[in-house]
Amino acid sequence: MAADLGYDGVEVMVWADATSQDVSALRRLAEQHGVPVLAVHAPCLLITQRVWSPEPEERLRRAVVAASDLGAGTVVVHPPFRWQRRYAENFEELVADLEEASGIRIAVENMFPIRPPNSWDRLRGTRASGLSAFRPSPDPTEVGFRNYTLDVSHAAASQNDPLELMRRMGERLAHVHLTDGTGTPRDEHLLPGHGSQPCAEICTALGSGGYTGTVVIEVSTRKAKTVDQRAAQLAEALLFARLHLEPLRENPDFEL
């Protein structure tokens, strides 16, 4: 479908699907359809805690190897869960060491709390507060990494301003999940322009600010009842992105 619609490439989320875990199969599919894998999302979800390995360190290492084998320049990873104490304690150093050894960007993604910030959190000026499953925070800018992934739907769910988050990430922003949300405390991944987030403004800022990373359409199409409906939704998202990222499209190194 990415090939038919004219996407430049894809991000592969490694999860329970067997093909997503098989680098050889992914390479064959990329060659067959002429669609490169631009990024690999490490298996970080609750349902992927046994994919590749029960150890989160090993899952991240294998994602870096997979990205290298597939020619992808970026690995997307979530901050550690609170119960992954050893992983969390060594996470910053592990990410830096893997980047240095591989040359692959490991872009740490902003997440969202289980419970959004309440009025008391806001009075204290706490960013991305509430009840969080992530250690030390769902906001990776509070730790500081060489590369970040900005997810607009996650910013909406945490009731953070994605433009402000993007400014904090600054030149370290390496990867964007272009999607939308309404600000409710759940991860919606709406088509860009179908929620309340400043998706057009984000794209315009990227296009005019010399951004050199990748923009990925990460949306839910579960409500599509047919293949044609799903294709129409993904075509609409691609058109939205290209329209608002137009200055970037003149850069031959930019990919969507």
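Note that this is a predicted model, so its numbers are computed, not measured. (Residues numbered from 1 in each chain as written. Predicted model: local features only at pLDDT ≥ 70, side-chain atom pairs only at ≥ 80, totals over all residues. Heavy atoms only, no water.)

## Here we look at the confidence of the model for the chain
Piece 1. Mean pLDDT over the chain works out to 92, with 90% of the residues at or above the 70 mark.
Piece 2. For residues 119-126, every residue scores under 50 in pLDDT, and the model assigns this stretch 8 contacts once sequence neighbours within four places are set aside. (pLDDT = per-residue confidence, 0-100. Contact = heavy atoms within 4.5 Å.)

## A closer look at unusual backbone geometry
Piece 1. The omega angle of the peptide bond from Arg135 to Pro136 is 0°, so this bond is cis rather than trans.
Piece 2. You will see that Trp52, though not glycine, has its phi angle at about 70°, which is positive.
Piece 3. Residue position: Trp52 is located in the loop between strand S2 (37-41) and helix H3 (56-70).
Piece 4. Positive phi outside glycine occurs at His189, with the angle close to 50°.
Piece 5. The topology assignment puts His189 in the loop between strand S6 (173-178) and helix H8 (199-208).
Piece 6. Look at His189 and you get buried, because its relative accessible area is 11%. (Helix = DSSP H or I, 4+ residues; strand = E, 2+ residues; numbered from the N terminus. Buried < 20%, exposed > 50% of the residue type's maximum accessible area, 1.4 Å probe, protein only.)

## Points about the pattern of salt bridges
When their charged atoms lie close together, side chains carrying opposite charge are able to pair.
Piece 1. Taken as a whole and judged by the stated rule, the model has 9 salt bridges.
Piece 2. Of the charged contacts, one joins Arg146 and Glu100 as a salt bridge, the two residues approaching to 3.8 Å between their closest N and O atoms. Of the two residues, Arg146 sits in the loop between helix H5 (119-123) and strand S5 (148-151) while Glu100 sits in helix H4 (residues 85-102), which places them 46 residues apart along the sequence.
Piece 3. Judged by relative accessible area, Arg146 falls into the partly exposed class, the value being 46%.
Piece 4. Glu100 gets classed as exposed once you look at its relative accessible area, which sits at 59%.
Piece 5. Between Glu164 and Arg167 there is a salt bridge, with the nearest N and O atoms lying 3.3 Å from each other. Of this pair, Glu164 and Arg167 both sit in helix H7 (residues 162-169), 3 residues apart, which is roughly one turn of the helix.
Piece 6. Look at Glu164 and you get partly exposed, because its relative accessible area is 32%.
Piece 7. One salt-bridge network, in which partners are shared between bridges, spans Asp139, Glu164, Arg167 and Arg168. (Salt bridge = Lys/Arg side-chain N within 4 Å of Asp/Glu carboxyl O.)

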